[in-house]
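# Report on the structure
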Amino acid sequence: MKEMKDTLLDEYFKLGVSVTVVLYGFEGGKLQVYIQKIRSNPYANAWSLPGKLILPEEGLIEASEGILMDVIGNKDIYLEQLNAFGKIYRHPLGRVIDVAFYGLLNMQDDIKSLRTDKENTWIPVKEIPHLAYDHNDVLQLASQRLKRRLINRPIGFKLLPQEFTLTDLQQLYEEILDRPLDKRNFRKKLNKLGVLTAKGHEDTSSPGRKPRLFKFDQKKYDDYMEQGF
């Protein structure tokens, strides 16, 4: 029995598990992602998505929330498991299975503390450099998932402040879908859905004519879903 146990340990328990988080934000009309520089070899000074090797007693959600706390000081944001990445040689130091998540945050309200310096930064998704490990593949899959979710769910509102302009909303959709949208048709479809509530004031931060602010009506959306919307 001991010999069998030793054989199992030798053959099946010699690999690591890591967690990676693709963290999205939206600011200045650009969809952005958080990246950081690796400080140790073999990828010293290379850019990567935030991640960590997890301990044997640590869960996947616990580890991913730990990354969020380290990066933005807040774990209470939208977080969804993306996929597992297990190419044999994806990590140069040994066999590591990575479980990736993606998170959506409002950059005005959800960031409680943030490490931003020359080694930790937000960057537009369209300007992402080559990343260490297989993190470009992780980011590509996350962007595909986000695009599909945006079409089927009101997930984009997680990236906006509670009150926003229709221009903000259209820019967000155009960034995620990576294509321009006709303004008239976009607003027509929004009106037809009826899940936005106009606020009684305007955006005073904009010069000139003040655009009206809107808010996503979660209750109305939930009611629609219950009715088979």
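Now for a description of the structure that goes with this document. (Residues numbered from 1 in each chain as written. Predicted model: local features only at pLDDT ≥ 70, side-chain atom pairs only at ≥ 80, totals over all residues. Heavy atoms only, no water.)

## Quick look at the pairing of strand β1 (residues 16–27)
- A large share of β1 lies buried, amounting to 9 of its 12 residues.
- Sheet topology places β1 next to strand β6 (residues 96–104); 9 bridges connect them, and they run parallel. What sits directly across from Val17, in β6, is Ile97.
- Bridge analysis of β1 against strand β4 (residues 51–53) gives 3 bridges, and the strand direction is antiparallel. Looking at the pairing, Val19 lines up with Lys52 of β4.
- Two successive antiparallel strands, β1 and strand β2 (residues 30–37), enclose a turn made up of 2 residues, where Gly28 displays a positive phi of approximately 60 degrees. (Buried < 20%, exposed > 50% of the residue type's maximum accessible area, 1.4 Å probe, protein only. Helix = DSSP H or I, 4+ residues; strand = E, 2+ residues; numbered from the N terminus. Pairing = 2+ DSSP bridges.)

## Some words on the packing of aromatic side chains
- All chains considered together, the criterion is met by 7 aromatic pairs.
- Taking the centre distance of 6.0 Å and the plane angle of 50 degrees together, the rings of Phe216 and Tyr221 count as tilted.
- Among the residues examined, Phe216 registers a relative accessible area of 14% and is labelled buried.
- Assessed through its relative accessible area of 14%, Tyr221 is described here as buried.
- Counting every residue linked through ring pairs, the aromatic cluster contains Phe157, Phe164, Phe216 and Tyr221. (Phe/Tyr/Trp six-rings, centres within 6.5 Å; stacked < 30°, edge-to-face > 60°.)

## Details of the environment of Leu15
- With respect to the secondary-structure elements, Leu15 resides in the loop between α1 (2–12) and β1.
- You can call Leu15 partly exposed: its relative accessible area is 44%.
- Along the backbone, Leu15 and Arg95 are 80 residues apart, and their C-alpha atoms lie at a distance of 5.1 Å.
- Setting aside its immediate chain neighbours within four residues, Leu15 contacts Arg95 and Ile97. (Contact = heavy atoms within 4.5 Å.)

## Notes on the environment of Tyr78
- Here Tyr78 lies in strand β5 (residues 78–85).
- In this structure Tyr78 comes out as partly exposed when scored by relative accessible area, which is 22%.
- Note: C-alpha distance between Tyr78 and Leu104 (26 residues apart in sequence) is 5.3 Å.
- In this structure, Tyr78 is in contact with Tyr102, Gly103, Leu104, Arg149, Arg153, Ile155 and Lys158, ignoring residues within four places of it in sequence.

Take it as geometry only, folks, not as evidence of what the structure does.
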